[in-house]
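Structural characterization, general
The residues making up each chain are set out below.
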Amino acid sequence: MHRRRRTALVLTAAIAAAAPVLTACGNDAHPGAAAVVGGQRITVSQLESRVDEIRRAQRAAVSDDTQYQQVLASTSSLTRDTLHNMVLDRVLHRAARDEGVSVTRKEIQQMRAGLEQQAGGAKGLQAAWLQKYGIAPSRLDDNLRLQLEAQKLASRLGTDPSQPAFWKALSKASKELHVDLNPRYGSWDVRKSSRVDAKTPWVREAATAGGSPATA
């Protein structure tokens, strides 16, 4: 496997952590916000919009309701996984900026061209990223920028995204950004730069709009 492809998979796999289908009820500490990162809010409506975008892409990719129900069952933690991605994107961008790392549009296009060649074309790459990592086709370039930032940051640090030195840089960025999650989505582990589920007695199952199982 090509080194660039391998590195992309390592980071994306680290991002896509599975979690049980839980949501909080009761008073929110962050009304209207799913998370606050660097003083900027990721609103619940922004998160729900991103999840709906993924669900629409998943529905368009399968031929019948039975297959779609299987997709829903296998991605039941999509809301919280998506929030994890949105927060980690900002954390990684901050860590990259701290080290003087930037990514150009040309670099994204070159990476995409290489991955499309491996996947048998643009549609093949979009389908693979949607199925394996929950990335909607319209967000593919954003995700590739994330992968490139991770690669270049790791290179600048003399390591790779699977090593402690890389995640130490992300931990530093998490601290700088004061990442704060709405408790209904868990909490942010600064040391691991990862979302973790809250262990509370007031959780219940929820469903997304349209009745499909997911987190909220």
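Residues numbered from 1 in each chain as written. Predicted model: local features only at pLDDT ≥ 70, side-chain atom pairs only at ≥ 80, totals over all residues. Heavy atoms only, no water.

Quick notes on the overall build of the chain
- A tally of regular secondary structure across the chain gives 8 helices and 7 strands.
- Of all 216 residues assigned to the chain, the portion counted as buried reaches 45%.
- For the chain, contacts bridging at least 24 residues in sequence account for 70% of all contacts bridging at least 6.
- For the chain, the exposed surface amounts to about 11100 Å²; the carbon and sulfur share of it is 49%. (Helix = DSSP H or I, 4+ residues; strand = E, 2+ residues; numbered from the N terminus. Buried < 20%, exposed > 50% of the residue type's maximum accessible area, 1.4 Å probe, protein only. Contact = heavy atoms within 4.5 Å. Areas by Shrake-Rupley, 256 points an atom, 1.4 Å probe, with all protein chains shown as cover.)

Side note on the packing of helix H6 (residues 122-133) against helix H7 (residues 140-157)
- At a closest axis distance of 11 Å, the pairing of H6 and H7 adopts a crossing angle of 75 degrees. On the basis of the axis angle, H6 is roughly perpendicular to H7. Residues Leu125, Gln126 and Trp129 of H6 pack against Leu140, Asn143 and Leu144 of H7. (Axes fitted to C-alpha atoms, helices over the stretch in contact; angles between N-to-C directions. Parallel < 35°, antiparallel > 145°, perpendicular 65-115°, else oblique.)

Re the packing of aromatic side chains
- Applying the stated criterion across every chain, the model contains 2 aromatic pairs.
- Here Trp129 and Tyr133 contribute two aromatic rings whose centre-to-centre distance is 5.0 Å and whose plane-to-plane angle is 80 degrees, an arrangement assigned as edge-to-face. Here the residue Trp129 and the residue Tyr133 both occupy positions in helix H6, the gap between them amounting to 4 residues, near one helical turn. The same class applies to Trp129 and to Tyr133, which are both buried. (Phe/Tyr/Trp six-rings, centres within 6.5 Å; stacked < 30°, edge-to-face > 60°.)

Concerning the pairing of strand E3 (residues 40-43)
- The pairing of strand E2 (residues 33-37) with E3 spans 4 bridges and is antiparallel. Looking across to E3, one finds that Ala33 is bridged to Thr43. (Pairing = 2+ DSSP bridges.)

Description of helix H4 (residues 78-98)
- In this model, H4 (21 residues) spans 30 Å end to end at C-alpha, consistent with the 30 Å of a helix rising 1.5 Å per residue.
- In terms of burial, H4 is a largely internal element, 16 of the 21 residues being buried.
- Directly after H4, the chain includes Gly100, whose backbone phi takes a positive value near 75 degrees. (Expected span 1.5 Å × (residues − 1).)

Things to note about the packing of H7 against helix H8 (residues 164-177)
- One can describe the packing of H7 onto H8 by two numbers: an axis separation of 10 Å at closest approach and a directional angle of 110 degrees. Judged on the interaxial angle alone, H8 and H7 are roughly perpendicular. Here the hand of the crossing between H7 and H8 comes out right-handed. Facing H7, whose interface residues are Ala150, Leu153, Ala154 and Leu157, H8 presents Ala165, Phe166, Ala169 and Leu170. (Left-handed = near helix turned anticlockwise from the far one by under 90°.)

Observations regarding the pairing of E2
- Burial runs high along E2: 5 of the 5 residues are buried.
- Hairpin connection between E2 and E3: a loop of 2 residues separates the two successive antiparallel strands, and Gly38 in this loop has a positive phi of roughly 60 degrees.
- By the bridge criterion, 2 bridges tie E2 to strand E4 (residues 180-181) in an arrangement that is antiparallel. Paired with Val36 across the strands is Asp180, a residue of E4.

Without other data, these values stay purely geometric and don't point to any function.
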